[in-house]
Amino acid sequence: MDGMIGEYTTPTRDPRPVTIPDIDLTVYPDECDAFGHLNQASFLSLFERARWEMLARGPGMDVFTRAGAWPAVRKTVVDYHAAAFPGDVLRFTQALVHHGRTSFTMRQTARRVKDDTLISTAEFVFVCIDREGRPVAVPPDVGRFMNARPSSSGETLRLTVNGVNLAVEVRGEGPAVLFVHGYPLDRTLWQHQLGALTGFRRIAPDLRGLGLSDAPDLGYSMATYADDLAALLDALHADKVVLCGLSMGGYVALEFARRYRSRLRGLVLMDTVAEADSADGRKGREAAMQVAREKGAGTIAAQMLPKLFAADAATTMPQVVERVRVMMEGAPVKGIVGALSAMRDRTDSLPLLGDLAGLPTLVVVGEQDQLTPPARARTIADGIPGATLSIIPGSGHLPPVEQPLATTRVLAEFLQSLP
Ligand code: MLT
């Protein structure tokens, strides 16, 4: 087993690589509309200026032309969290969130310097092309400067399935394992497991509305998420999988089990519950939807963050907490609202548990999980005949990032035990 969890490649995603300078840009009056708000076109040009300024302070603005590779933008997702006004100085923080062979994705966050208000977050997907428009490699200087290297064993694909374009990371060969993240997170939650669980084909999508996947206005439900996953597996020719879902990903996994049981070789339910929301829980979802719409992802992240981790995480693993905060702040509001409505309306899966007899199931929970505590995990494990429960010491709600080694080891043991 040691061999299986030994290979852990350098992450291709670091939300705040230290070498990348933040860029401060001032909002000018001619960039604002009649009510004095920074307008949409200017937002885009400020994001662009911030990128070039950053390159100017690193490998040079000619880094692409030197290499004969032009970064052609292929997709842009911008979330506007708060208005900006003439004279505001915006600080742009920039990170490379994906570095493939010919493509890369940058995430940019703009905050107002004087009060640290989150103004906007954006992701830009680029493909490097030559003068004839043919894809060419990303210049190595770009990856080096941004402290990233191309994903060698993994690839982030974009696939349109079930009417939505999803980002999905696929790594390795072997029996397929499908990882489903929680709310409002993304596939990078599984970074350690994706790197380490060699001997398996690891598939980690961003659910619709989250991460780099498209965020349609409508169409969010547990059934839709499950149908998206089934269609994704079809597109990847993965007939049968072990499905591993964390928290909301666990709700999706249970819905998948209800609809596509014959496609499952095994199930891992991590830091999740089987019950539907209570009446109070549903009211809480409505309130959170309003917060997301009115105040944006930053406020949702700030409200959730303290509940996600083990008690001492802020001091023992500040980088992990920061990484999760950045992940949540980047979530599109439409996806947040959609996920909240899907969770609010989800079916009670308690009656389903007994029907899962015969499906190898592992229930995992962080010892200090405040959101879905061990007692609730025990209810699931007791309800599925033959299921086992594994409690991860020193972890809160997010074992894959809080205790990655222990979590990967427990998963590896389970995966190896399957017939
Ligand atoms: C999650 O982590 O996915 C959510 O907190 C689950 C929930 O709110 O029910």
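Residues numbered from 1 in each chain as written. Predicted model: local features only at pLDDT ≥ 70, side-chain atom pairs only at ≥ 80, totals over all residues. Heavy atoms only, no water.

Q: Could you give an account of the packing of aromatic side chains, naming the residues involved and the relevant values?
A: Across all of its chains, the model carries 11 aromatic pairs by this definition. When the ring of Trp52 is compared with that of Phe64, the centres are 6.3 Å apart and the planes differ by 85°; the resulting orientation is edge-to-face. Within this pair, whereas Trp52 is found in helix 2 (residues 40-56), its partner Phe64 is found in helix 3 (residues 63-67), the two being separated by 12 residues in sequence. Phe64 matches Trp52 in its accessibility class, with the two residues each being buried. Counting every residue linked through ring pairs, the aromatic cluster contains Phe47, Trp52, Phe64, Trp70, Phe92, Phe104, Phe124 and Phe126. Across from the ring centre of Phe124, 4.3 Å away, lies the NZ or CZ of Arg51, which sits over that ring. Positioned over the ring face of Tyr251 is Arg346, at 3.7 Å from the centre of the ring. (Phe/Tyr/Trp six-rings, centres within 6.5 Å; stacked < 30°, edge-to-face > 60°. Helix = DSSP H or I, 4+ residues; strand = E, 2+ residues; numbered from the N terminus. Buried < 20%, exposed > 50% of the residue type's maximum accessible area, 1.4 Å probe, protein only. Lys NZ or Arg CZ within 6 Å of the ring centre and 35° of its normal.)

Q: Residues and numbers for helix 11 (residues 318-329), please.
A: Here helix 11 spans 16 Å end to end across 12 residues, near enough to the 16 Å set by a 1.5 Å rise per residue. Residues of helix 11 that are buried: Val320, Val321, Arg323, Val324, Val326, Met327, Met328 and Glu329. Packing partners of the buried residues in helix 11 comprise strand 4 (103-112), strand 5 (118-129), helix 5 (191-196), helix 9 (297-308), helix 10 (313-316) and helix 15 (399-402). (Expected span 1.5 Å × (residues − 1). Contact = heavy atoms within 4.5 Å.)

Q: So what's going on with the packing of helix 8 (residues 279-295) against helix 9? Residues and values would help.
A: At a closest axis distance of 7 Å, the pairing of helix 8 and helix 9 adopts a crossing angle of 135°. Judged by the angle between their axes, helix 8 and helix 9 are oblique. Together, Ala288, Val291, Ala292 and Lys295 of helix 8 and Ala297, Thr299, Ile300 and Gln303 of helix 9 make up the contact between the two elements. Split by residue class, the contact of helix 8 with helix 9 holds 5 nonpolar, 2 polar and 1 charged. (Axes fitted to C-alpha atoms, helices over the stretch in contact; angles between N-to-C directions. Parallel < 35°, antiparallel > 145°, perpendicular 65-115°, else oblique. Nonpolar A, V, L, I, M, F, W, Y, C, P; charged D, E, K, R; others polar.)

Q: Describe the pattern of salt bridges, with residues and values.
A: Summed over all chains, the structure comprises 31 salt bridges. Lys114 serves as the salt-bridge partner of Asp88, at 3.3 Å between the closest nitrogen and oxygen. With Asp88 in the loop between strand 2 (70-80) and strand 3 (89-99) and Lys114 in the loop between strand 4 and strand 5, this pair connects stretches of sequence that are 26 residues apart. Judged by its relative accessible area of 69%, Lys114 is exposed. Between Arg263 and Asp234 there is a salt bridge; the shortest N-O distance is 2.8 Å. On the criterion of sequence distance, the pair formed by Arg263 in the loop between helix 7 (248-260) and strand 11 (264-270) and Asp234 in helix 6 (residues 222-235) is long-range, its members being 29 residues apart. Relative accessible area serves as the criterion here: at 13%, Arg263 is assigned to the buried category. Asp234 sits in the partly exposed class, given a relative accessible area of 47%. (Salt bridge = Lys/Arg side-chain N within 4 Å of Asp/Glu carboxyl O.)

Q: For the confidence of the model for the protein chain, give the residues involved together with the corresponding values.
A: Of the residues in the protein chain, 93% have a pLDDT of 70 or more, and the chain-wide mean is 91. Every residue in residues 1-18 scores below 50 in pLDDT, and together they form 54 contacts with partners more than four places removed in sequence or on other chains. (pLDDT = per-residue confidence, 0-100.)

Q: An account of the site of the ligand is requested, with residue identities and associated values reported.
A: Around the ligand sit Gly182, Tyr183, Ser247, Met248, Tyr251, Arg285, Met304, Met343, Leu371 and His397, and that is every residue in its neighbourhood. Between the ligand and Tyr183, the relevant distance is 2.8 Å, taken from an oxygen atom to a main-chain nitrogen or oxygen of the residue. Between the ligand and Ser247 there is a distance of 2.7 Å, counted from an oxygen atom to a side-chain nitrogen or oxygen. Protein coverage of the free-state accessible area of the ligand, which is 270 Å², stands at 89%. Judged by the proximity of its atoms to the pocket grid, the ligand belongs to the largest pocket. In terms of residue class, the shell around the ligand is made up of 6 nonpolar, 3 polar and 1 charged. (Near = heavy atom within 4 Å. Polar contact = N/O pair within 3.5 Å; in protein donor to acceptor, adjacent residues only side chain to side chain. Areas by Shrake-Rupley, 256 points an atom, 1.4 Å probe, with all protein chains shown as cover. 1 Å grid on protein atoms, 1.4 Å probe; cavity = no way out; pocket = protein on both sides within 12 Å on 5 of 7 lines; lining within 4 Å. Sits in = over half its atoms within 2 Å of the grid points.)

Q: Describe helix 6, naming the residues involved and giving the relevant values.
A: With 14 residues, helix 6 ought to run about 20 Å at 1.5 Å a step, and its terminal C-alpha atoms sit 20 Å apart, in line with that. Of the positions making up helix 6, those classed as buried are Met222, Thr224, Tyr225, Ala226, Asp228, Leu229, Ala230, Leu232 and Leu233. Just beyond helix 6, the residue with positive phi is His237, at close to 55°.

Q: Could you give an account of the layout of surface pockets, naming the residues involved and the relevant values?
A: Reported here for the largest pocket is a volume of approximately 610 Å³. Around the largest pocket, the lining is made up of 31 residues, and of these Tyr183, Arg285, Met304, Met343 and Leu371 lie nearest the centre. For the lining of the largest pocket, the elements supplying multiple residues, two or more each, are helix 7, helix 8, helix 9 and helix 12 (333-344). The element contributing the most residues to the lining of the largest pocket is helix 8, with 6 residues. For the lining of the largest pocket, the residue count by class is 17 nonpolar, 8 polar and 6 charged. (Points joined across faces, edges and corners; volume = space filled by probe spheres on them.)

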